[in-house]
Every structure is written in structure tokens, then in C-alpha cells.
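Per-entry structural report
Read off the chains here:
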Amino acid sequence: MMPDVVFYTAEVMVNGLMAGVLYALVALGFVLIFKASGIFNYAQGVLALFAAMTLVGIQNGQVPFAHLVNAVFGTKVHHFGWTVPSLAAIALTALVMVGLAIAVERLVLRHLVNQEPIILFMATIGLAYFLEGLGDVMWGAEVKRLDVGLPQGMSGLIDEVTFNWFGYGFFIDRLDIAATAVAVALVVTLTLFSQYSKQGRALRAVADDHQAALSVGISLRFIWVLTWSIAGFVALVAGIMWGQKSGVQFSLSLIALKALPVLMLGGFTSIPGAIVGGLIIGMGEKLFEFFVGPMIGGATENWFAYVLALIFLVFRPQGLFGEKIIERV
Amino acid sequence: MLYREAGDFKTSYRDDAQTFPIAFDRWRYYAVLAVAFGVIPFVINDYWANAILIPFLIYAIAAIGLNILTGYCGQVSLGTGGFMAVGAYATYKLMTAFPDVSILIHILLAGGITAAVGVLFGLPSLRIKGFYLAVATLAAQFFLVWLFNKVPWFYNYSASGQISAPERTFLGIALTGPASPAWAAYLTCLVFCVALAWLARNLTRGPLGRQWMAIRDMDIAAEIIGVNPLRAKLTAFAISSFFVGIAGALFFAVYLGAAEVGESFGIQKSFLVLFMIIIGGLGSIFGSFAGAAFLVLLPVLLKNTLVGGLGWPTDLAAHLELMIVGALIIVFLIAEPHGMAQLWRVAKEKLRLWPFPH
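Please read these numbers as outputs of a predicted model, since none were measured by experiment. (Residues numbered from 1 in each chain as written. Chains lettered and ligands numbered in written order. Predicted model: local features only at pLDDT ≥ 70, side-chain atom pairs only at ≥ 80, totals over all residues.)

**Let's talk about the overall build of chain B**
The helix and strand inventory of chain B stands at 15 helices and 4 strands. Going through the 358 residues of chain B one by one, you find that 46% of them count as buried. Contacts in chain B between residues at least 24 apart in sequence constitute 75% of all its contacts with a sequence separation of at least 6. (Helix = DSSP H or I, 4+ residues; strand = E, 2+ residues; numbered from the N terminus. Buried ≥ 20, exposed ≤ 12 C-beta atoms within 10 Å, placed from the backbone. Contact = placed C-beta atoms within 7 Å.)

Now the structure itself:
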């Protein structure tokens, strides 16, 4: 009979892995945009928040900008009075994200071509502020409940099976399992898309070399719209998962900050890196919180990932799977 | 007409190398100082001091500090909020542990402590570059905020977890605490701000500043021509953190009076100061002031127009403010990526020829 601490550890690890999948989902959006346009997109987290808010708003038939309209015209509108089924709402939200991608390309990126990376980074922070404000003005700032019919709660089956095998029932949230399944499906789809479709190949060509891609006739602008749309879609998926887990609220946008150490660890340009990094960070921080957290006051999850990534980077400055940084004068 | 160098002859190298080579500029600078020291303290009231002038001066110090690191030495830092927290908590601990020592000395010491912490977190910059470093400095931000939140020694085991500044006087006038008059708080910040700006200006045009700029422009090339990257980067981190630490100390002791680390020194502060130097202009002392003024004034103006002028609910105004700030940042970056300092430079060039440009 194994001691209980082994089971606890295993349980913490499995839950950490599941959390890691969600971090990886957000990190994936970062990597896609960074690879295709060299932009470090700080707004990725807010994109997830905005997508989740839009989804809830469409589902519940909220009137967009109701608050603003009421303030200006003195009316009292708030809901259309219908509800939209989950799948249709998701499709509509995806359309909104595509529209957003086009707007971002038209209004922001097109004017900032050839600027230094720091300027582009700042522009995405500006975009993050703008979208956060826009989301609140459009749909209201209160905490919303998101439900698209994913299973939730403790998985009875796993609890039972593991109890029969080991004499200890593992606690695993069914939502986490669903999230993992969705994430895997998403990564497989993205990989297939980028390997076998024409657009996907163009995408990889741009990621490889902007100028060479331009010279064989690939439209950079289209590729940017495409990447931002995909990143918006990934953000929507992440927003659904996190939103269903903890409600749609401002803190959702902070998952972007969780994804940054994942990126450092995995390398800014590597999709497998984002996934492996996410898993390592998710597992590492849960284990650290479980074993060391109680000794030093808890809530270590805020910084542990960063410190881990920092220490790691000192030894390998380009991350796990990042391209080797070669510098020439 | 007014703004030109004709007839303004330089007879020594010293004259030629001065900060304001044009006489008009020099007089304008003296006039600004005279107004700031001689007029404003007598007419200041609580609203102007707390809403605009004191935050402007403190943020200007922080922005100069970050500009030294990011604008002059090229190391992007997102840990400004954390370093401000170090300055604030160091002042608090010093104030409560040594109540007899002058508060001004405490603030300077707090800057020194922050410099040491800055060097510590600056060490990875020798290996990590670019965005990886920017994200790495977030480690400082989150770790420091967590530390001040979780270790009760830092906030003297107070039940609320807050720190609040006890009353400390200088020449019989309260500088900190609720009883301190607006003009005293203003003058404290002004003295620090002017002295530090003078220091920064002279550091950045001396040998140290040139080393920083060499590292910023291309670190490998700088190393080859004999700049020691270890020394240059770590001095940049130390001096930058010194400035930021003093800004944090003033922010807590003189401006807020009581602070809670997550709220006052969170990641939002880091971004705010970074915005200031980007909008103001990287690598420019004037730019730090301009950026600080812009981002301190903007929310006040927006709030006054939206809530005061149009009578919209405050939460809606707050959301619209976010949108407007975000949009303005983007517009600014598109219109002038080199910031307000560049606009000012262009304006000066035009002014020199005005009104006969040909």
C-alpha cells in the first residue's frame, strides 16, 4: 500500500498539468502572432476576456453599448429578450473576432510597419487598454456566468476507478478534462492547417522570412489578418475555458501574465514550446504551492512561474525550443 | 525672433557644452524654476497639489529613472512598480525604526536600498536580452509585491496589511502625515525632482551615459570598443532603481500617506511609467517630464469632461477613459513614435528660423 502523500502528489501533478494546458492555450496565441509578425502581443489576455464577454453578451441577447446609449439618450434598454444557442453564439463571436482582426490590421498594424519591436509592444498594450474599455462599455463590467454546456464538477468515473485501483479517489474536474480535449483538438487542427493548407504554408513562409515571402507573392496584410483571427479564435477558446471555470470578469485578462513565463520557458517562436512550457509551469507551480507554499505564506502562484522561467533563462537564454540567438555586429 | 542663436557667442568649451546652449532656452528654464519655487508654493491648494502637481513631480522622477534604464541603456523593464514598492517599504521601515533621523535622509537611503535590489534583479540582464528580459523583470514585479504582502515584518505586523506614514517634520514643518500642508509636500517633491533631473541630465551626457548609449545601440559592438557591459548595465540598473526608489518613497510617504502594496505598486504602475517614457520620448529627460505631465493630466481632464461636463455615470466614464487612453497611446505611437520630445525638437528647429524660414 502506497503512502497517501504519493497520491496527493500525483493528484496535484495531474491537476497542475490540466492548468498547464490552459496556460498553454493562451501562450499559443502569443506564439502565433509573434512568429507571423514579430509582435509581442500583450493584448492576448484581453482578447480572451473580450471574446468571453462577447460570447456571454450574444448568448443572453444583451444590447451592445446599452449603458452608453442609456446615458446619452436617457433610455432604459438592456436586453433584446432572446437567447442564442451556444454553438450559434460561438460562431457569431468568432466572426466578431475576425472583424476585430481586420480592424487591428487596418487601424493599427498597417501604420506601424517597420517600427521597432518595443513600439509595437507598446501599441498592443494600448490595444489591451482599449479592448478592456470597449468590452466593459459594450457588455457591462459585472461578473458574468458563462455556460456553453461543457461538463463541470468532479468526475465521478475517475474517482471511482482510481479508488478501485489504488484505494484513493482522485479529484479531477470534468471541465479540466474537457479543456484538455479541446486544447489537443485545437493544436492538432492548427498543426494540420499550417502543414497542409495553402494559407497555412503561406503563414509558415511569413514566419520564416518576411521578405522572401513577399517576393513570392504572399500578401503580408492578409497573413496578418489571418494570424490575428486565429489568435482571436484561440483567445475565444481560452476565454470559454477560463470563463466557465471562474466567471467572466476582469481577472480573466490577467491570464496573459500567466502565459508570459510559459513563453519564456518554451521560447517565443515555438508552438511545441508553448505547450511543453505550459505543462511544466502548471505542474511546477502547483507542486511548489503544495509543498513549499504553506511554509512561506502561500499564494506563491503569482511569482513562482516567473522565477522558475528566470532561473531557466539564465542557463538557456532562448528558452527550451526557441531558435538559437546568433548575434553579429 | 526670440528663439535664435545669432549674437549668442560662445567663448569657452564649457559654454559650448552647456545643457541649454541657446540663451532664450536658458532664461525659460530659469523662469520655470522661479515660478515653481517662488510662485506656486504660495498659491497652491489641496486639489491642485494632490490631483496634479505632486503626482506629476513623483511620476517625473520615476519616468526619468526608467528612461535611464530603458531609454539610455536599452534594457526594457516592467518592474518599476515593484521597485517603487521597495522604496516605499524601505522608507516605512526606516521611518518607524529610526524616528529621530530626518525623513529626507530616509528617502535617500530608501533610494539606495532600491538600487541594491535593482542590481540584484539586473543581474540576469547580462544573459537575457530584449523581450525575454522585459518578461524577466516581471519576476521582480510579482515577487516583490508578493513579498511585501506576505511577510508581516515589512508592514510592522499591522492588522490591515497596510503601511501608513507617521508624521515627520523638517525645520518644524510636517512633511508627511495627514497634517502636512500642501505646499510643504509640493516643495519636498519639487526639490527631489529638480535635483534628480539635474543629476540625470549630467550623468547621461558624461562618460557613463555614453557607455549606456553604446550598450543600447549595439551591445556587442560596445563591448569591442571597450565598454564593460557588466559595469554599464549594472550601473544603469542601480541608478535607475535609485530614482524609482525615491519616487516610490515620495509616492508613499508624501503623496499617499498610506499604501497597500498590490493596489499602489501593482503591475499597472509599471505600465503607466513605461507609457510615460514612450509617449514622452525614449532617451530624453524633457520627454520624461512631458510624458508624466500628459498621463497625469489626461485622466483628470477626461474625468472632468465626462463626469463633470456631461454628467455620465462614473463607471461608464472610467471604462470610456480606458478606451480613450488606449486609443490615444496607439494614435500617438502612429503619429510620432519618438514621442513628445521629438515633437519638441522639431518645433525648436522651426522656431529657430521663424518667421523667415528661407
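**What to know about the nonpolar core**
By size, the foremost hydrophobic cluster in this structure holds 214 residues, and its most contacted members are Ile61 and Leu250 of chain B. No other element matches the 18 residues that helix α10 (residues 229-256) of chain B contributes to this core. (Core = buried A, V, L, I, M, F, W, Y, C linked by C-beta atoms within 7 Å.)

**Topic: the interface of chain B and chain A**
Listed per partner, the contact involves 36 residues of chain B and 38 residues of chain A. Contributing elements (two or more residues each) for the side of chain B that touches chain A: α6 (130-150), α9 (219-224), α12 (267-280) and α14 (314-335) of chain B. Taken together, the residues of the side of chain B that touches chain A sort by class into 31 nonpolar, 2 polar and 3 charged. (Nonpolar A, V, L, I, M, F, W, Y, C, P; charged D, E, K, R; others polar.)

**What about helix α2 (residues 23-43) of chain B?**
Compared with an ideal rise of 1.5 Å per residue, which puts 21 residues at 30 Å, α2 of chain B spans 29 Å between its outermost C-alpha atoms and is within 8% of the ideal. When you tally the buried positions in α2 of chain B, you get 0 out of 21 residues, a small fraction of the element. (Expected span 1.5 Å × (residues − 1).)

**Observations concerning the packing of helix α2 (residues 44-59) of chain A against helix α5 (residues 117-139) of chain A**
Residue and element names in this part refer to chain A. α5 packs onto α2 with a crossing angle of 15° between their chain directions and a minimal axis gap of 9 Å. Looking at the two axes, α2 sits roughly parallel to α5. The handedness of the crossing between α2 and α5 is left-handed. Contacts from Val46, Leu47, Leu49, Phe50, Met53, Thr54 and Gly57 in α2 reach Ala128, Leu131, Glu132, Gly135, Met138 and Trp139 in α5. For the contact of α2 with α5, the residue count by class is 9 nonpolar, 3 polar and 1 charged. (Axes fitted to C-alpha atoms, helices over the stretch in contact; angles between N-to-C directions. Parallel < 35°, antiparallel > 145°, perpendicular 65-115°, else oblique. Left-handed = near helix turned anticlockwise from the far one by under 90°.)

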